[in-house]
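Coordinate analysis (summary)
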Amino acid sequence: MTGKPKYIFVTGGVLSSLGKGLASASIGALLECRGLSVTLLKLDPYINVDPGTMNPFQHGEVFVTDDGTETDLDLGHYERFVNVRLTAENNFTSGKIYYSVIQKERRGDYLGGTVQVIPHITDEIKQSILQASRTADVVIVEIGGTIGDIESLPFLEAIRQFRFDVGKENVLYIHLTFVPYIPTAGEVKTKPTQHSVKELRSIGIQPDILLCRTARFLSREIKAKIALFCNVSQDAVITAKDVDCIYEVPLVYNQEKLDDKILEILNIWTGAPRLEQWQELLERINQATEPVRIAVVGKYTDLTESYKSLNEALFHAGVHNGARVELIFIDSSTLTADDVAAVLEPADGILVPGGFGSRGVEGKILAAQYARENQVPYFGICLGMQVAVVEFARNVAGLCHAHSSEFDENTESPVIYLMREWFDEKTQSLQKRDVNSEKGATMRLGAYPCRLPIPDSVAFGAYQTDMISERHRHRYEFNNEFMKVFEEKGLVFSGLSPRGDLVEIIELRDHPWFLGCQFHPEFKSRPMTSHPLFRDFIRASLENRRKLRETA
Ligand code: GLN
């Protein structure tokens, strides 16, 4: 398709957590199967300039893009479902919009005019959408929050105006709503949907398509009723039925003919959708049945949202290996030297994910020690690598007071520390930082190249290449002063920055699979192409399981 992009705006009604992000990502996937190029944007109504400083307990994972933007976790769904590489242009918040407008006002750009929500904030929103849509055939814009929230009003007003600006034939509004089943009445109820659409229409937006989240398929009668009350055609009322696995969603939408309807309204002609890769994926998911148990030793236990990409990456790796990954979340702050063996004994593999803050660090160190001593596959991500280094320093290299200076500023062996000066490959410049540097500004964020210099290492075996790129989000680094002594004791430095001044991957020499990486590989795992490190970690955990079963 050439010419002007088409826009799909996705709003949500009735209640939150209906899966608007997944719905948007699945629509993107379906349109991509039709041969269209797609990009996605998330507009978040909160005031934080980005989610980087937000607590994962409250807001879920912070997803990091190649360009080092800390974004909403929905961008993770987008990248997993659609072949896109997103950037800072793909996620903006009220905070970011206001910040930009206020900066312009201070510079005098508004020439003494009164700066107002309409038109200045709404213009800024529209400009940001246009800016992100230069190359795609279809731009899918998800509006965070729920219809009725005060915060999202400027965004809704902006997308209402958008249709006037770019032409009616180029804009489509999809509203995701909820149709609950009430057991005592024995039927599904359409009233919440009616109210939500009424609210949307009161601000001037008439949805073209209703995606109805529900536990059962909607009958023709119910669809007719919703269509009548909400002023949409019957074939634009789509059942978005609950599914067991998120990767089924594109196929379920296709069965409901959602893609046909979108193309019809936007007046786009394409061939039939090529859904083979999604169908094959589902077959592989259904065949992946051999159980493998992975202990995730972290801070945010039970909350799958806090480790969204991590959980997905483990799932992808399981599917690749024909395995069903069972996660045991372990709150590291509860682990003690006395119970660590008993708690971790059922695990076929142990993973310590990234994290900030000192709570539970000693428990994570115990988990790394258990994995090392008992030959259990270990995967340490970011903080997970750092605790493995601390453990090695204390218990193998004999530096019994070793620590990361993040947790003990005065440690006599700061094996992980704040590097004062380092060469930044991204900006090709010397970076300086110290403990007083502003929070956030000092993080190493986004994609960095990494060299894998050792051909017979676990890392090289996984990637099968000597140069990779992975995404980072951390402040602290391995302290090179300790490199030589650790090497002598059996630690392998299998991933380094191109100039060799930053340690990116460590491994243990005499262990079936023990690897720590300073980056976050989970951000780059895809359902159809599992990330090499996750893939091999799960394979090693499966082998460990089989071996244990044989000897039992
Ligand atoms: N807190 C550690 C650091 O800042 C690790 C961060 C992480 O795991 N993402 O270096």
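Our subject is the structure listed above.
What comes next concerns the included structure.

Parameters at a glance
Residues numbered from 1 in each chain as written. Predicted model: local features only at pLDDT ≥ 70, side-chain atom pairs only at ≥ 80, totals over all residues. Heavy atoms only, no water. Near = heavy atom within 4 Å. Polar contact = N/O pair within 3.5 Å; in protein donor to acceptor, adjacent residues only side chain to side chain. Areas by Shrake-Rupley, 256 points an atom, 1.4 Å probe, with all protein chains shown as cover. Nonpolar A, V, L, I, M, F, W, Y, C, P; charged D, E, K, R; others polar. Helix = DSSP H or I, 4+ residues; strand = E, 2+ residues; numbered from the N terminus. Buried < 20%, exposed > 50% of the residue type's maximum accessible area, 1.4 Å probe, protein only. Pairing = 2+ DSSP bridges. Contact = heavy atoms within 4.5 Å. Axes fitted to C-alpha atoms, helices over the stretch in contact; angles between N-to-C directions.

1. Some details on the site of the ligand
Lining the immediate surroundings of the ligand are Gly-354, Gly-355, Phe-356, Cys-382, Leu-383, Gln-386, Glu-406, Arg-473, His-474, Arg-475, Tyr-476 and His-520. Interatomic distance of 2.8 Å between a backbone N/O atom of Gly-355 and an oxygen atom of the ligand. Coverage of the ligand by the protein chains reaches 99% of its 300 Å² of free accessible surface. A per-class count over the shell around the ligand returns four nonpolar, five polar and three charged.

2. Section: unusual backbone geometry
In this structure, the amide linkage connecting Ile-118 to the following residue, Pro-119, adopts the cis form with an omega of 15 degrees. You can see Pro-119 is positioned in helix α5 (residues 117–131). Despite not being glycine, Leu-111 shows a phi value in the positive range, around 50 degrees. Looking at the secondary structure, you find Leu-111 in the loop between α4 (94–107) and α5. Even without glycine at this site, Asn-267 takes up a positive phi of about 60 degrees. As for its position among the elements, Asn-267 is in the loop between α10 (258–266) and α11 (276–287). Assessed through its relative accessible area of 64%, Asn-267 is described here as exposed.

3. Structural notes on the pairing of strand β24 (residues 503–508)
Counting buried residues in β24 gives six out of six residues, a clear majority hidden from the surface. As paired elements, strand β23 (residues 491–496) and β24 share five bridges and run antiparallel to each other. Bridge pairing in β24 places Val-492 opposite Glu-507. Connecting β23 to the antiparallel partner β24 that follows it, the hairpin turn spans six residues, and Gly-500 within it adopts a positive phi of roughly 85 degrees. Between the antiparallel neighbours β24 and strand β25 (residues 514–517) lie five residues.

4. Some remarks on the sheet that holds strand β17 (residues 414–417)
Taken in spatial order, the three strands of this open sheet run β16-β17-β22, and their pairing is mixed. Each edge of the open sheet is held by one strand with a lone partner, namely β16 (403–404) and β22 (477–478). Here β16 runs beside β17; their pairing, made up of two bridges, is parallel. Within the sheet, the bridge partner assigned to Ser-404 lies in β17 and is Ile-416. In this fold helix α15 (residues 383–395) packs onto β16, β17 and β22, with an angle of close to 170 degrees to the strand it touches most, β17.

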